[in-house]
Protein chains: 2
Amino acid sequence: MSLYDAKVTSREPLPEKEAAWTKLVRINYQDPHDKSRTWESAERTTRPKGSDIDGVGIVAILDKPTGPEIILQKQFRPPVEKVTIEVPAGLIDAGETAEECAVRELKEETGYVGVASATSSIMFNDPGFCNTNLRMVHITVDMSLPENQNPKAELEDEEFIEVFHVPLADLFAQCEKFAAEGYAVDARVGTLAEGVELAKKFKL
Amino acid sequence: MSLYDAKVTSREPLPEKEAAWTKLVRINYQDPHDKSRTWESAERTTRPKGSDIDGVGIVAILDKPTGPEIILQKQFRPPVEKVTIEVPAGLIDAGETAEECAVRELKEETGYVGVASATSSIMFNDPGFCNTNLRMVHITVDMSLPENQNPKAELEDEEFIEVFHVPLADLFAQCEKFAAEGYAVDARVGTLAEGVELAKKFKL
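Rules behind the numbers
Residues numbered from 1 in each chain as written. Chains lettered and ligands numbered in written order. Predicted model: local features only at pLDDT ≥ 70, side-chain atom pairs only at ≥ 80, totals over all residues. Heavy atoms only, no water. UniProt positions renumbered as here; feature names shortened; annotations may be inferred. Helix = DSSP H or I, 4+ residues; strand = E, 2+ residues; numbered from the N terminus. Buried < 20%, exposed > 50% of the residue type's maximum accessible area, 1.4 Å probe, protein only. Contact = heavy atoms within 4.5 Å. Axes fitted to C-alpha atoms, helices over the stretch in contact; angles between N-to-C directions. Parallel < 35°, antiparallel > 145°, perpendicular 65-115°, else oblique. Left-handed = near helix turned anticlockwise from the far one by under 90°. Nonpolar A, V, L, I, M, F, W, Y, C, P; charged D, E, K, R; others polar. Arc of directions from axis to C-beta. Salt bridge = Lys/Arg side-chain N within 4 Å of Asp/Glu carboxyl O. Pairing = 2+ DSSP bridges. Phe/Tyr/Trp six-rings, centres within 6.5 Å; stacked < 30°, edge-to-face > 60°. Lys NZ or Arg CZ within 6 Å of the ring centre and 35° of its normal.

Under an unreviewed UniProt entry, the name given to chain A is Related to YSA1 sugar-nucleotide hydrolase, and the source organism is Cephalotrichum gorgonifer. The heading Sequence similarities (unreviewed entry) in the UniProt record of chain A holds the text "Belongs to the Nudix hydrolase family."

Listed below in structure tokens is the structure:
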């Protein structure tokens, strides 16, 4: 078995009555000139009641003597029909904080045990198209802990994830390389890399 | 008129037959263990035939003596029911390159005339949920040009956009401030800011 054996066999229109995880919404609104307009939005059906986010993205940094490395993962994503390069991430459970979700998902998806050190404000993935959003949670992974010596993911039956890490200083070049090889680079990974490059370029 | 006067009055289910800009798709695929599964995907209906992207995000940097500043904009986005903080962006027209789209959209949305200096590989906005994507195009704005002294946007009838710029070194703090004030921070802006902070923290 290999991630690269996965493939899409067909795509077909999905009637709204048969959609379980997604929905389309018509939004009626007043524009800034008080004119009535409509907008179309795609949404997840899974956001827990009372939660202001769908999930978390995880910036997990291994602080190595050779320089910081960021944990990334590969998985096949049917919507884009490719193996993606993503940060670990997950949907939030009811009653869970962003930090709890991030620590849990990192353990499940990568095996690493970490501590949340910082949490971003809410970020919206594509706010002209959908309402999906997340918080980025930064996690410190103490590599001296026995449980982080040989981390083992606890994946669900339908999850197929390969975990790896790359030097943070090299993230942009790695993204370009992955894209050239046919991977789909997630916007969080690619944009984080662009931010690192901008800081280097302008010596911020 | 003010962006802050815009408001959502109602949200309702959108039957797929009445959706013009969005659609839901059922994807049939073989997982890495060759097991048949289905996935739900939200998509734009507007991607031009032959184009591999929906649009572009624009990193437009004003290289000032006091330090680089990034052009941002505020607009009301019905899906998130808030005024967002975004980079200039736009959907690609048929036959247009990413760079042409970026130069055109920057001019239309902000009035600034610039030259594309670099283009990222494709980035996917939320690849477990939808197939929407973009390339980030970096644009250099020559502030000594007469046309950039008093830039005027050329907005369409339904576009309401306020343009501003912030020091790149200060982007993260600005994002936190905007979020605290009730703005919705777009993932490109917020993640770019996180990348800058990581580079500063680890002295990359």
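*Asks:* Honestly, the environment of Thr 9 of chain A in this entry has me stumped. Any pointers?
*Replies:* In this structure, Thr 9 of chain A sits in strand S1 (residues 7-13). Classification of Thr 9 of chain A by relative accessible area gives partly exposed; the value is 47%. It is 21 Å that separates the C-alpha atoms of Thr 9 of chain A and Ile 161 of chain A, two residues lying 152 residues apart in sequence. Setting aside anything within four residues of it in sequence, one finds Thr 9 of chain A in contact with Asn 28, Tyr 29 and Gln 30 of chain B.

*Asks:* In this structure, what is going on with the packing of helix H3 (residues 187-201) of chain A against helix H3 (residues 187-201) of chain B? I would like to understand it.
*Replies:* Helix packing geometry: the angle between the two helix axes and the distance between the axes. Between H3 of chain A and H3 of chain B, the least distance of the axes is 7 Å, while the angle of their chain directions is 50 degrees. Relative to H3 of chain B, the element H3 of chain A is oriented oblique. Like other packed secondary-structure pairs, H3 of chain A and H3 of chain B cross with a definite hand, here right-handed. Only Ala 187, Arg 188, Thr 191, Leu 192, Glu 194, Gly 195, Val 196, Leu 198 and Ala 199 of chain B of H3 of chain B make contact with H3 of chain A, whose side of the interface consists of Ala 187, Arg 188, Thr 191, Leu 192, Glu 194, Gly 195, Val 196, Leu 198 and Ala 199 of chain A. For the contact of H3 of chain A with H3 of chain B, the residue count by class is 10 nonpolar, four polar and four charged.

*Asks:* I keep staring at the UniProt feature "domain: Nudix hydrolase" (unreviewed entry) in chain A and nothing clicks. Help me out?
*Replies:* Taking the numbering used here, the UniProt-annotated feature "domain: Nudix hydrolase" (unreviewed entry) corresponds to residues 51-188 of chain A. Between the end C-alpha atoms of residues 51-188 of chain A there is a gap of 21 Å, over a span that is 18% helix and 41% strand.

*Asks:* Which parts of the structure should I look at to understand helix H2 (residues 171-180) of chain B?
*Replies:* The α-helix winds at 3.6 residues per turn, so residues separated by three or four positions along the chain end up facing the same way. All of the buried residues along H2 of chain B are Leu 171, Gln 174, Cys 175 and Phe 178 of chain B. Across the axial projection of H2 of chain B, the buried residues extend over an arc of 100 degrees, all falling on one side. Where H2 of chain B is buried, its residues contact strand S8 (115-124) of chain A together with strand S5 (67-77), strand S6 (82-86), strand S10 (162-167), strand S11 (184-186) and H3 of chain B.

*Asks:* Would you mind going over the pattern of salt bridges with me for this structure?
*Replies:* Any two side chains of opposite charge can pair, on the condition that their charged atoms come close. Inspection of every chain in the model, using the stated rule, returns 38 salt bridges over all chains. The shortest N-O distance in the salt bridge between Asp 52 of chain A and Arg 135 of chain A comes to 3.5 Å. Placement of the pair is Asp 52 of chain A in the loop between strand S3 (36-44) and strand S4 (55-64) and Arg 135 of chain A in strand S9 (residues 133-141), with a sequence separation of 83 residues. We classify Asp 52 of chain A as partly exposed; its relative accessible area is 42%. Overall, Arg 135 of chain A belongs to the partly exposed group, its relative accessible area being 22%. Residue Asp 31 of chain B is joined to Arg 37 of chain B by a salt bridge in which the shortest nitrogen-to-oxygen separation is 2.7 Å.

*Asks:* Quick question: what am I supposed to make of the sheet that holds S3 of chain A here?
*Replies:* Each strand in a sheet pairs with its neighbour through backbone hydrogen bonds, running either in the same direction (parallel) or in the opposite one (antiparallel). The antiparallel open sheet is built from three strands, whose spatial order is S3(A)-S2(A)-S1(B). The open sheet is flanked by S3 of chain A together with strand S1 (7-13) of chain B, the only strands paired with a single partner. Neighbour-to-neighbour, the strand axes of the sheet open up by a mean angle of 30 degrees, direction not taken into account. Bridging between strand S2 (residues 22-30) of chain A and S3 of chain A involves nine bridges; their strand directions are antiparallel. The residue bridging Gln 30 of chain A from the neighbouring strand is Ser 36 of chain A, located in S3 of chain A.

*Asks:* Hey, could you run me through the packing of aromatic side chains in this one?
*Replies:* One pair of aromatic rings is described through two measures. These are the centre distance and the angle between the planes. Tallying each qualifying case throughout the model produces 10 aromatic pairs over all chains. With 6.4 Å between their ring centres and 70 degrees between their planes, Tyr 29 of chain A and Trp 39 of chain A make a pair best called edge-to-face. Here Trp 39 of chain A lies in strand S3 and Tyr 29 of chain A lies in strand S2, a separation of 10 residues in the sequence. Ring geometry for Tyr 29 of chain A and Phe 76 of chain B: centres 6.0 Å apart, planes at 35 degrees, overall tilted. On the criterion of chain membership, the pair formed by Tyr 29 of chain A in strand S2 and Phe 76 of chain B in strand S5 is interchain, its members lying in two chains. Both residues of the pair, Tyr 29 of chain A and Phe 76 of chain B, count as buried. Through a chain of ring-to-ring contacts, the aromatic side chains of Tyr 4, Phe 164, Phe 178 and Tyr 183 of chain A assemble into a single cluster. Sitting above the plane of the Phe 164 of chain B ring, Lys 74 of chain B keeps its charged end 5.3 Å from the centroid.

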